[in-house]
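Given next are the chains, with one letter for each unit.
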Amino acid sequence: MYLKRPAGGLAFCLFYLASCLINKVADIGGWTSASCLLEAWLGRDKLVFKPIPVFLTVHNAAEVITCGFQKFVQKEQTSLLKICSVLFLLAAAVCLPLCDTQFDPNGYLWALIHLICVGAYKIFHKLWKPNSLSELDQQYINYVFSVVLLASASHPAGDLFSALDFPLLYFYRFHSSCCASGLLGFFLMLHTVKLKSSTTSGQYAAWTFLAKVITASLSPFFFVMTANVLTISCFVISGVGEALLVYTERTGT
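All figures in this text were calculated on a predicted structure; none of them were measured in a lab.

(A) Seen up close, helix α11 (residues 229–251). Between its terminal C-alpha atoms α11 stretches 33 Å, which fits the 33 Å expected from 23 residues at 1.5 Å a residue. Along α11, the residues that are buried comprise Thr 231, Cys 234, Phe 235, Ser 238, Gly 241, Glu 242, Leu 245, Val 246 and Thr 248. For α11, the secondary structure elements touched by its buried residues are α3 (52–60), α4 (62–72), α5 (80–99) and α10 (201–218). The opening residue of α11 is Asn 228, an N-cap whose side-chain oxygen sits 3.2 Å from the backbone nitrogen of Leu 230.

(B) Main features of the confidence of the model for the chain. Taken as a whole, the chain shows an average pLDDT of 81; of its residues, 81% reach a score of 70 or greater. Overall, residues 27–48 carries pLDDT values under 50, and its contacts beyond four positions in sequence, including any with other chains, amount to 69 contacts.

(C) Looking closely at the side chain of Thr 231. With respect to the helices and strands, the residue Thr 231 is situated in helix α11. For Thr 231, a relative accessible area of 2% gives the class buried. Those residues in contact with Thr 231 that lie beyond four places of it in its chain are Leu 96, Cys 99 and Asp 100.

(D) Examining the pattern of salt bridges more closely. Using the criterion set out here, one finds two salt bridges in the structure. A salt bridge links Glu 63 to Lys 122, with the shortest nitrogen-to-oxygen separation between them at 3.3 Å. Of this pair, Glu 63 sits in helix α4 while Lys 122 is found in helix α6 (residues 105–127), placing the two residues 59 residues apart along the sequence. The buried category is assigned to Glu 63, whose relative accessible area is 14%. Assessed through its relative accessible area of 29%, Lys 122 is described here as partly exposed.

What counts, and at which threshold
- Residues numbered from 1 in each chain as written.
- Predicted model: local features only at pLDDT ≥ 70, side-chain atom pairs only at ≥ 80, totals over all residues.
- Heavy atoms only, no water.
- Helix = DSSP H or I, 4+ residues; strand = E, 2+ residues; numbered from the N terminus.
- Expected span 1.5 Å × (residues − 1).
- Buried < 20%, exposed > 50% of the residue type's maximum accessible area, 1.4 Å probe, protein only.
- Contact = heavy atoms within 4.5 Å.
- Polar contact = N/O pair within 3.5 Å; in protein donor to acceptor, adjacent residues only side chain to side chain.
- pLDDT = per-residue confidence, 0-100.
- Salt bridge = Lys/Arg side-chain N within 4 Å of Asp/Glu carboxyl O.

Okay, here's the thing in structure tokens:
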């Protein structure tokens, strides 16, 4: 796979990896998920509920929602290769909970909500493309909406008063990890915007795929993860599905 803009792309991969790892340490996900309107609240447990490869496998299935909307609602022509790639992503996400040795119903429920929100946001972004706003402006607006939503939802969700009972609230490591998470998330957003503006959509998809592969491959060296042959097979199937999706994006098929 030929990747252009190696310096910007590698910097993007580095910040993607660092953001995922530090979010896992900080036990929060809202800072780097503000690219989606609802993700800051609903995605707060995205890296906590399961190991990073598990989350990425479920997260990739959001493309099923986007592809289904384009084919059945907008009646767009979809290539057989793209349909196959989406089916790979769907199969991996559906089979993963069935063979996950660390299965947690609450964790997968949050993952499902996160998946739906990401898919809905992708559809919204495709339908509404403001010509007067740059990619950076849209990211800042998403951050503001995410913060407002998070603040307004803190009371109904019970987080407003239960925050004082959080066991790590007064630990230096927790606060330093939160600050690092926010800083890395900000730099990741800047590099994402820069990479999008300097490459084609296919090249950006390829760099994103590479960042996910690097992150998923290195995360077991930092965090304990229990996996068997079936779960690893789901990871591979999801990777193959996304690789095919990247190919269709680059070739326009």
